[in-house]
Structure formats: structure tokens, C-alpha cells
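Chain residues, written in single-letter form:
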Amino acid sequence: MSRPPYPPAQRQDIVEDIHGHRVADPYRWLEDRGDAATEEWLAAQDELFHSIVDGLPGRDGLRERLTELLGAGSVGSPVWRGGRRFFTRRAAGQEHPVLYTVEPGDDAERVLIDPMELDPEGTTTLDLWQPDKEGRLLAYKISKGGDEESVLYVMDVATGERVEGPIDRCRYGSVAWLPGGEAFYYVRRLPPEAVPDGEEQYHRRVYLHRVGTDPETDDVLIFGEGREKTTYYGAGVSRDGRWLTISASEGTAPRNDLWIADLTAPGGLERPALRPVQEGVDAETSLHVGRDGRAYLFTDRDAPRSRLCVTDPADPAYENWRELIPQDDTAVLTDYAILDGSELERPVLLAAWRRHAVNEITVHDLATGERTGTVPMPGLGTIGGIVERPEGGHEAWFAYTDNVTPTGVLRYDARTGEVDVWASAPGTVELPEIESRQVTYASLDGTEVRMLVISRPGAAAEGPKPTILYGYGGFNISLTPAYSASILAWVEAGGVYAIANLRGGSEEGEEWHRAGMRDRKQNVFDDFHAAAEKLIADGVTTSDRLAISGGSNGGLLVGAALTQRPDLYRAVVCSAPLLDMVRYERFGLGRTWNDEYGTADDPEEFGWLLSYSPYHHVRKGVPYPATLFTIFDSDTRVDPMHARKMCAALQHATSGDAPILLRNESEVGHDARSVSRSVGLMTDTLSFLASQTGLDL
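Residues numbered from 1 in each chain as written. Predicted model: local features only at pLDDT ≥ 70, side-chain atom pairs only at ≥ 80, totals over all residues. Heavy atoms only, no water.

Peer 1: I keep staring at the nonpolar core and nothing clicks. Help me out?
Peer 2: One finds Met-451, Leu-469, Phe-528, Tyr-597 and Phe-629 to be the most contacted residues of the largest nonpolar core, which totals 111 residues. With residues near it in sequence (within four places) discarded, Met-451 still touches Arg-437, Gln-438, Val-439, Tyr-441, Leu-469, Ala-498, Ile-499, Ala-500, Ala-531, Lys-534 and Leu-535. (Core = buried A, V, L, I, M, F, W, Y, C linked by side-chain atoms within 4.5 Å. Buried < 20%, exposed > 50% of the residue type's maximum accessible area, 1.4 Å probe, protein only. Contact = heavy atoms within 4.5 Å.)

This is the structure we're talking about:
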């Protein structure tokens, strides 16, 4: 590709003095999506994008292959309530997962919610579903056009009829049913007229709602008044309905306050006497009251790789906690489940672990925590949450996937210690033969980092290959092996795909996360550069055949990578990114990420942000890598203004011929999307990277 003619973009003379730093912002006008000039610029960028990408070779075959690979579909773990079974499944040809139920003693499946029946255009998504404790009513949330606003409804499961809703402003909040299905605790934002302008996405509260009453006038405020506007809440009710737990965390901070209340005590459901489990502690803790009446505490308090403790829910002070499963020095505890059916000689405790980004499950004695065995796994992969029957039993279910296994569900039988396939992904797909290997390399400061390298067997002996390096490195999110149509299509065509487990993630526990946040964010970028250098040093690829890809916080990662080391990378896909770290808090959900990044309101923390903010490190006359920004008009998490401003800056500054392009998509948001939309996005990004790195599709 030769350098294309870029649409004109006015450079404004905006320079602000912020904490003694002179900060230029020449493309601030592109923050306003509704401005006519922004609209005209976007239209010109769209025309430029299509004029280049639509004609790239191999696109039709790539699109067809991606559709085939996604045709494997997926199935989710079952949820049991009152003998009814609830689960999701997406079959070949379906755009979204569909929620089904199966009646007790009957194998016939019945559709409860099909997003395509709600919206044939495919822009409506099912965000959350939660049956009541008897399985008679179902609370569920849907969003339209990618806005993730989560409107809440309640359905009668037997008839499929809506009995409640819409209840709006329910984004990012749990639903905790009380026994009998007459009421639930839930999280809802205050109405826009009750909060200052620009703060409509914040100000959540916990309410008690009685089914059939008006949520605007009859809901009872339970908790949240007077707390920070960015606080997220969670609520839970024990199976017997006695215990209410409420959790609160400021934004995405890796810590929470936690309370418990006895709903049978004076105050009852509407004025529960909340007792602190932990307050003002730099740790994350969740509490679940089991069928045995004990409180189980999953916590990283004094255990950055997490541990499981038990206590009396009536007296949950920290000094009364008893450790049941201690911290492991080489693995991170991620989940647990209790099997205590009458068929078992002794109750069993299952513990899920992540060891260097690969999952495993161990078996323990529930009374003592002593390890008694392991659950066999079909490969080196990733498991979902472990599910057991709420009334107890001897079985557990968990989702499983790896690089060549579409997401299905496995079942563990504690009587025999055996694992079988409960439900496979419904589609049949011919998969390429691939080889996955985990390598360890040293980052700039000597820290050992791991990376998964995926290729065709024997590719290492064939010399450097077109390679995509992917990373995230933030928010305690772990990158683990999973089925991916885009990875398989790239590797099948002869490329290599590498996934780096950077600091900032949760692969090695909370200390690993904190080593890549706030004033230590540069560690993440250093880990990423070192991963690229390792791939080159090992002969996997060369800098002119190496592409990088990342989205959201990973978009910030690759944005920093291309500005810090433009010589190291040939091409970049930067999706839904944060890039203007000076002003990120003013848009989307930015204020909830202060603890991860720091705030520009504080002089010291502003210095951290400015030191790497990609938009502010674009330099005139540098031959930048070929870059494709992908943004989504309905993204309410990360404002697309970041990519618009960065694209204009790079197009102005670059001295090279490599194209700088912007792909803007409407009616989708930050995350969930239909299969056909996903295929379109992957076709565009992979064909762009292939054209730049020399991969023949």
C-alpha cells in the first residue's frame, strides 16, 4: 500500500497548563460526535477505509472460513432452580446465544429468550438472567444497539409472559431473589434529573423491589446513600432467605467493603441491620452462606493469590475467620463449589485454580480443607465457574474451552471422581492442526513473563512468519487458552499468533495486577515490547512481519506500543481504545477507572498519565506502523473520541507510506455483538494485518 490521501483535519491551537505541564490538544473538536465537522470527517474516513480494505485479497475466503469456525457455536453451564434447568446455547447459523429451560423430568427444551426474536436486526443482546430460587420467575436484562444500558424485565417461566418491566437504569448490577419469588434486591442508578449533568452513568443504589409494584414509587432504598458516585454494588441472598450480603467497591478498584444482615432480625427486609465483614481494607472479599449455615469467604486479604476461609455469619469479624484452603504459591485460586449430597460419604469441596494462565480443579475434604484429589481435564485450557445444584448433590458442571475446543460443558461426579462431556458445542467444524507452546521471557526489569505461541506444527523450523502479538495487561483480567475463530483462521493460513500474559492481568494473582497499574503502568508496555523482541530473537518473526492487536485497555497497550517503539511493529489493530489519558475521565465510564490508571486531578498521578498517554506522544516526522482503529458508535464504556483524535494525529504526523485508517461501526457497542457483525470485523482486521505482514490468505 502507498500512502493514501488523508481527509483534512483542522489542527486547533489549544494548549493548556495542567499542573505546570503545557499540554497541546489540537484535535479536541473531534470529541464532539454530534458536530457537523466531526460527521463530515468520519464520513471521509469511512470512504477511505473501504477504498483500501474492501479490495484486499483473500477476503471472501477468509469471511467464509470465519463463518465456518464460528459455526461451532457454544453452550453454557446449566443453572438449576426448583428442578428446572436453565442454560444458553448458540447453534450454527444463530446470531446470539438463546436461553432455554427444561422442565423437571422432561428432556424437551423450551426457548425462553431468543434475542433475534426480540430484534431481527441482531442489535439486541441478553445481558443477564437470574431465575428465582424456585425457578418460577426469571429476571433478565437486555440492551439495544450496543449501549449496555440493561433494561430489566421479569418473566413467568411457565407461560413465557412478561410480568414486570421495563425497569431502566439497571446496568452493571446484580439481582438477588428472596424465597418465594415475591421480591428481590437489585442495583439501579438514580434518575438523570436527580444527579448533576454528565454523571448519569454513576450514582447507583441498592433497592428492594416487590414484584408487581411500581419501581419508581414503591421500591425501598436499602443502601448507597452518601457514598462515592462511582461505587458499584452487589447483593446476594442465601438460599434459605435468612442472610443478605452487600458489597461495595469504588469503580474498578481491587478492593471492596462488605456487609451482612440477618433478615429475620428486627428491621427485616426493608431496614436490614447490616454488619460489616470488612471496611476500609485493601482487599477483595466475597461471602456466601452455604447449606451448612457456615459463611464461606473467598478473599485475597493477606493472600494475593487468594484463599478460602469460613466463619459464623452471625459473627464475621476477621479474627473469627478460619482458613480452609490456603494460598498456593504458584497458582491463583479462582472459584470453589460444595458437593454435600446424601449420596456421598463425606461432603466434597472443589477448588478451581489458574496456574500460569492454565486452569485446573482440585478436590478437598469440606471439613478440613485437606486435598484429596484432582479433577481430570481434557487438555490445557480454561474453565468457567463451577456450578452445583442449590439443594446439594454429588455433581458439578463447568464450562471448558481451549485453543481447539469450542466452549462446552463438562460434568464431574464426586462419587466416582470421573468427568464426562455433559454438552458439546452444537456445531461440527473441521479444525486445523495447531501447536501451542508456552514460553517464558525476561522483561526490561528482569521480571519473568509468559506467552502462549500458537502456530501450525513444525512452523518453528520454517523461518520467520507473519505474526500477531496480542495483549491486555490490566484490570486483573487473565488471558487464558480459548477457542478463537480469528486465531485459528490466521494460523491455518500460515501465520503465528502470540498471547502475552502481561503484568496488570490476574495470571499470577493480585500482586501481578498491581505491578501493572497506576505508577507502574509502564511495566505493561515493557512486558509487551519484550514479548515482541522474544519472538524476533527466537526466529518466530521479524519486525517487518510483526503485527500487534488489542482492544479497550489493550487498545491503550498497542497505542502506547506504536508510539514508544514504532520501529518494532509493522502493523497495528487498535480497537475501542483509551488513548487520551489526560482527558479519559471526562468520557464514558472513565471516572470508574481512577484506581487502575490514576486521576489527572492529582499532580503526581497526572504525571504518570502524561508520561505514556499515546495521543500526547505522537511525533511529527516518524514513520509509524500501518494502523487500523476500530470504533463503535454506541460504545458507552470507552468513548470513540479517543481513536478519532489519535487517528487524526497519526495521519498528520506520520512520514511513512503505511496507511492510518479508521473503521467506524454503528449500532454496536463495546462488547457483545451478533455473529455476522463479528465476522465482518474479523474479516476487516485480519485482511488488513495480512496485507501488511505478507500473509497469503
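Peer 1: Teacher, can you tell me more about the packing of aromatic side chains here?
Peer 2: Scanning all chains against the criterion turns up 19 aromatic pairs. Look at Trp-177 and Phe-184: their rings are 5.0 Å apart centre to centre, the planes differ by 70 degrees, and that puts the pair in the edge-to-face class. With a relative accessible area of 2%, Trp-177 lands in the buried category. Residue class for Phe-184 comes out buried when judged on its relative accessible area of 0%. Judged by centre distance (5.5 Å) and plane angle (80 degrees), the ring pair of Phe-184 and Tyr-186 falls under edge-to-face. Across this residue pair, the class does not change: Phe-184 and Tyr-186 are buried. Cluster of aromatic residues (ring-pair linked, three or more members): Trp-177, Phe-184, Tyr-186 and Tyr-207. (Phe/Tyr/Trp six-rings, centres within 6.5 Å; stacked < 30°, edge-to-face > 60°.)

Peer 1: Which parts of the structure should I look at to understand the pattern of salt bridges?
Peer 2: Within this structure, the stated rule accounts for 63 salt bridges. One salt bridge connects Lys-534 with Asp-538, and the closest N-O pair in it is separated by 3.3 Å. (Salt bridge = Lys/Arg side-chain N within 4 Å of Asp/Glu carboxyl O.)

Peer 1: Help me out: how do you make sense of helix H1 (residues 36-53) in this one?
Peer 2: Given 3.6 residues to a turn, an α-helix orients residues that are three or four positions apart in the same direction. The first and last C-alpha atoms of H1 sit 26 Å apart over 18 residues, in line with the 26 Å expected at 1.5 Å per residue. Listing the buried residues of H1 in full gives Thr-38, Trp-41, Leu-42, Gln-45, Leu-48, Phe-49, Ile-52 and Val-53. The buried residues of H1 occupy an angular sector of 125 degrees when projected down its axis, which confines them to one face. In H1, the exposed residues that point more than 90 degrees away from the buried face are Ala-36, Glu-40, Glu-47 and Ser-51. The secondary structure elements touched by the buried residues of H1 are helix H2 (59-70), strand S39 (626-632), helix H10 (641-653), strand S40 (660-665) and helix H11 (675-693). The N-capping residue of H1, defined by a side-chain oxygen 2.9 Å from the backbone nitrogen of Ala-37, is Asp-35. (Helix = DSSP H or I, 4+ residues; strand = E, 2+ residues; numbered from the N terminus. Expected span 1.5 Å × (residues − 1). Arc of directions from axis to C-beta. Polar contact = N/O pair within 3.5 Å; in protein donor to acceptor, adjacent residues only side chain to side chain.)

Peer 1: Which parts of the structure should I look at to understand the environment of Ala-530?
Peer 2: Among the structural elements, Ala-530 can be located in helix H6 (residues 522-537). Sequence separation of Ala-530 and Ala-500 is 30 residues, and the distance between their C-alpha atoms is 9.8 Å.

Peer 1: Is there a simple way to explain the side chain of Asp-580 in this structure?
Peer 2: With respect to the element layout, Asp-580 can be found in the loop between strand S38 (571-575) and helix H8 (594-597). A polar contact is formed between the side chain of Asp-580 and the backbone nitrogen of Val-582, at a distance of 3.1 Å. Only 2.7 Å separates the side chain of Asp-580 from the side chain of Lys-645, close enough to count as a polar contact. Those residues in contact with Asp-580 that lie beyond four places of it in its chain are Asp-25, Glu-31, Ser-613, Tyr-615, His-616, Met-641, His-642 and Lys-645.

Peer 1: Sorry if this is basic, but what is going on with the layout of surface pockets here?
Peer 2: Over the atoms, a rolling probe the size of a water molecule traces out where space has been left empty. What the second largest pocket holds in volume is close to 480 Å³. Taken together, 25 residues make up the lining of the second largest pocket; nearest its centre are Thr-125, Leu-126, Asp-127, Leu-128 and Ala-672. Considering every element that reaches the lining of the second largest pocket, the biggest residue donor is strand S8 (residues 124-131), with five residues. Residue classes in the lining of the second largest pocket are distributed as eight nonpolar, nine polar and eight charged. (1 Å grid on protein atoms, 1.4 Å probe; cavity = no way out; pocket = protein on both sides within 12 Å on 5 of 7 lines; lining within 4 Å. Points joined across faces, edges and corners; volume = space filled by probe spheres on them. Nonpolar A, V, L, I, M, F, W, Y, C, P; charged D, E, K, R; others polar.)

Peer 1: Teacher, can you tell me more about the pairing of strand S2 (residues 21-24) here?
Peer 2: If a strand is regular, its side chains alternate between the two faces of the sheet. When strand S1 (residues 15-18) meets S2, the two strands line up antiparallel, connected through four bridges. Each bridged residue has a counterpart across the sheet, and for Glu-16 the counterpart in S2 is Val-23. In this antiparallel pair of consecutive strands, S1 and S2, the connection spans two residues, and His-19 shows a positive phi of 50 degrees. (Pairing = 2+ DSSP bridges.)

Peer 1: Which parts of the structure should I look at to understand the sheet that holds strand S19 (residues 275-278)?
Peer 2: Hydrogen bonds between backbone groups are what pair the strands of a sheet, and the pairing can be parallel or antiparallel. The antiparallel open sheet is built from four strands, whose spatial order is S16-S17-S18-S19. At either end of the open sheet lies a strand with only one pairing partner, and these are strand S16 (231-237) and S19. Averaged over all neighbouring strand pairs, the angle between strand axes comes to 25 degrees, with direction disregarded. Sheet topology note: the strand S17 (residues 243-250)/strand S18 (residues 257-262) ladder contains six bridges and is antiparallel. The residue bridging Trp-243 from the neighbouring strand is Asp-262, located in S18. (Axes fitted to C-alpha atoms, helices over the stretch in contact; angles between N-to-C directions.)

Peer 1: Would you mind showing me how to read H10 here?
Peer 2: Spanning 13 residues, H10 covers 18 Å between terminal C-alpha atoms, matching the ideal 18 Å at 1.5 Å per step. Within H10, 12 of the 13 residues are buried, leaving the element largely enclosed by the surrounding structure. What H10 keeps buried is the set Met-641, His-642, Ala-643, Arg-644, Lys-645, Met-646, Cys-647, Ala-648, Ala-649, Leu-650, Gln-651 and Ala-653. Tucked into the core, H10 has its buried residues touching H1, helix H7 (553-564), S39 and S40.

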